[in-house]
Amino acid sequence: MNDMESRQYLESELETIKKWEKEQKDVFFWEKIGRIPFMLLDRLTPKIVRDKVGEALNEVGGFIQSGGKYLVRKKSVLIILTETAAHGREGMESSLGAERSAGGKAEDDTTSGSDTSAERVLSLREASKLPIDVMDTVADGITVKRVKFAAAQGAATGIGGIFTMAADIPLVLGQSLRVLQEMALCYGYDPDDPRERVFIVKCLQFSSADIVGKKAVLEELAAFDDESNSDQVFSQIQGWREVVQSYTDSFGMKKLFQLIPIAGIVFGSISNKGTIGDVAEAGKMLYKKRRVTRRLKNIESPL
């Protein structure tokens, strides 16, 4: 842990996170209204869309079991963490720029970025000891990039109305799982770990839940790192189908206007941008809370 991170600093960060959690429990009235027509829309939804939702259910189950095609490679995020720790925000922007120019292949190239070739890339264990503000900077930078991509993706899949919307559902789900894995890496957690895949799906559930659901998820995650409760958390995720059901239901009015050809370009872009932004924010804050809490415990009970 960085010497500058005093108990006072960490407690202040934890209070900020708790304030955010409280704000997340306030569901606006129009959001509740927005879910009502979706119950009716479900009966009118074409088979092609229902099939895609079914595929999404199966894919989330596969992600929990093995990670499947959604597991990200760690090196790209570790490179950004390394350069940000060494050179600040400029290093992060350099790494993100190198990844874009290489068509996203920076994760396979340890020499991507300005100075990484001359530096040893941090291991995940080393990255977990970086200052919180470095982790925050990288998480925010990745979020901006993923949100921009989601907006472009939503515009592209909004061209054909309901037919291209069917392709949008698994794409948004995939982007959500990937950005949550990147948030895990930013705060020093390994998304290859089956336990972390459970936590990631819980973050996904939190981002799309209503006020009751958010409270329940927060209570479950509060004891996530408690070894005595680990089995209980795993048993709770057996209801993962409810995660995707709530996730698809939350589209509600946001996706309604994407059913209209051409007009769906605008609504698809706005919807996907908001969805990925919310998911990334939930991942950042929930993973940051775990890291800050662990460091506070280390101060109280040093090994």
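Residues numbered from 1 in each chain as written. Predicted model: local features only at pLDDT ≥ 70, side-chain atom pairs only at ≥ 80, totals over all residues. Heavy atoms only, no water.

Points about a nonpolar patch on the surface
Applicable threshold: What goes into a patch is any residue over 30% in relative accessible area without a salt bridge, connected to like charges within 9 Å or, for nonpolar side chains (Val, Leu, Ile, Met, Phe, Trp, Tyr), within 5 Å. Methods summary: accessible areas were calculated by the Shrake-Rupley approach with a probe of 1.4 Å, and residue burial reflects only the protein chains presented. In the sections that follow, a salt bridge refers to a side-chain nitrogen of Lys or Arg positioned within 4 Å of a carboxyl oxygen of Asp or Glu. Strands are runs of DSSP state E lasting at least 2 residues, helices are runs of H or I lasting at least 4, and numbering of each runs from the N terminus.
The grouping of Ile159, Ile262, Ile265, Val266, Phe267 and Ile270 at the surface amounts to a nonpolar patch, some 530 Å² of accessible area in total. Along the chain, Val266 turns up in helix H14 (residues 264–300).

A short note on the side chain of Lys288
The cut-off we apply is this: Burial here depends on accessible area, computed with a 1.4 Å probe over protein chains only, as a share of the maximum for the residue type. Under 20% is buried, over 50% is exposed, and the range in between is partly exposed. Identification of polar contacts relies on pairs of N or O atoms within 3.5 Å, with a donor-acceptor requirement for protein atoms, meaning one able to donate a hydrogen and the other able to accept it, and with residues adjacent in sequence counted only if both atoms are side-chain atoms. When checking whether two residues touch, look at their non-hydrogen atoms; a contact exists if any pair is within 4.5 Å.
Note that Lys288 resides in helix H14. Note on Lys288: relative accessible area 7%, which makes it buried. A polar side-chain atom of Lys288 sits 2.9 Å from a polar atom in the side chain of Asp136. Those residues in contact with Lys288 that lie beyond four places of it in its chain are Glu13, Ile17, Ile132, Asp136 and Tyr187.

Regarding the packing of helix H7 (residues 132–157) against H14
This is how the line gets drawn: Where helices are involved, their axes are fitted lines through C-alpha atoms of the stretch in contact, as for all axes, and angles between N-to-C directions lie from 0 to 180°. Small angles under 35 degrees read as roughly parallel and large ones over 145 as roughly antiparallel, with 65 to 115 read as roughly perpendicular and the rest as oblique. Rotating anticlockwise by less than a right angle from the far helix to the near helix defines a left-handed crossing, while the corresponding clockwise rotation defines a right-handed one. Three residue categories are used. Nonpolar comprises Ala, Val, Leu, Ile, Met, Phe, Trp, Tyr, Cys and Pro, charged comprises Asp, Glu, Lys and Arg, and polar comprises the others, including Gly.
With their axes 7 Å apart at the nearest point, H7 and H14 run at an angle of 160 degrees to one another. What the angle tells us is that H7 and H14 run roughly antiparallel. Classified by chirality, the crossing of H14 by H7 is right-handed. Split into classes, the residues belonging to the contact of H7 with H14 amount to 11 nonpolar, 8 polar and 8 charged.

Remarks on the packing of aromatic side chains
Quick note on the threshold: Note on ring pairs: Phe, Tyr and Trp rings are taken, using the six-membered ring of Trp, and paired if centres are within 6.5 Å. Classes follow the plane angle, with under 30 degrees stacked, over 60 edge-to-face and the rest tilted.
In this structure the tally under the stated criterion is 4 aromatic pairs. Between Trp20 and Phe206, the ring centres sit 5.6 Å apart and the planes meet at 40 degrees, which makes this aromatic pair tilted. Taken as a pair, Trp20 in helix H1 (residues 7–24) and Phe206 in helix H9 (residues 194–208) lie far apart in primary sequence, 186 residues in all. As far as burial versus exposure is concerned, Trp20 and Phe206 are alike and both buried. When the ring of Tyr189 is compared with that of Tyr287, the centres are 5.3 Å apart and the planes differ by 40 degrees; the resulting orientation is tilted.

Digging into the packing of H9 against helix H10 (residues 211–222)
Packing of H9 against H10 leaves a shortest axis separation of 9 Å and a crossing angle of 155 degrees. On the basis of their axis angle, the class for H9 and H10 is roughly antiparallel. The way H9 lies across H10 gives a crossing that is left-handed. For the pair formed by H9 and H10, the contact residues are Phe199, Lys202, Gln205, Phe206 and Ser207 on the first element and Lys214, Val217, Leu218, Glu220 and Leu221 on the second. Per-class residue counts for the contact of H9 with H10 are 5 nonpolar, 2 polar and 3 charged.

Let's talk about the confidence of the model for the protein
So the rule is basically this: Every residue gets a pLDDT, meaning the predictor's confidence in that residue, from 0 to 100.
Mean pLDDT over the protein stands at 76; residues scoring 70 or higher make up 63%. By mean pLDDT, the top-scoring element of the protein is helix H6 (residues 124–127) (95), and the lowest-scoring one is helix H2 (residues 29–44) (49). In the predicted structure, residues 33–39 sits below a pLDDT of 50 and forms 12 contacts with residues beyond four places in sequence or in another chain. Predicted confidence is poor over residues 103–118, with pLDDT under 50, and the contacts of this stretch with residues over four places away or in other chains come to 30 contacts.

Remarks on the pattern of salt bridges
Applying the stated criterion across every chain yields a total of 11 salt bridges. Two residues, Asp192 and Lys74, come together in a salt bridge whose shortest N-O distance is 3.4 Å. In this pair, Asp192 is assigned in the loop between helix H8 (162–186) and H9 and Lys74 in helix H4 (residues 74–87), connecting sequence segments 118 residues apart. On the basis of relative accessibility, which here comes to 32%, the residue Asp192 falls in the partly exposed class. With relative accessibility at 26%, the residue Lys74 sits in the partly exposed group. For the salt bridge of Arg290 with Glu196, the shortest nitrogen-to-oxygen distance reads 2.8 Å. One end of the pair, Arg290, is in helix H14; the other, Glu196, is in helix H9, and 94 residues separate them in sequence. Given the relative accessible area of 5%, Glu196 is considered buried. Within the structure, one salt-bridge network assembled from shared partners comprises Glu13, Asp136 and Lys288.

Considerations on the environment of Arg125
Mapped onto the secondary structure, Arg125 falls in helix H6. Considered as a pair, Arg125 and Tyr189 are 64 residues apart in the sequence and their alpha carbons are 8.4 Å apart.

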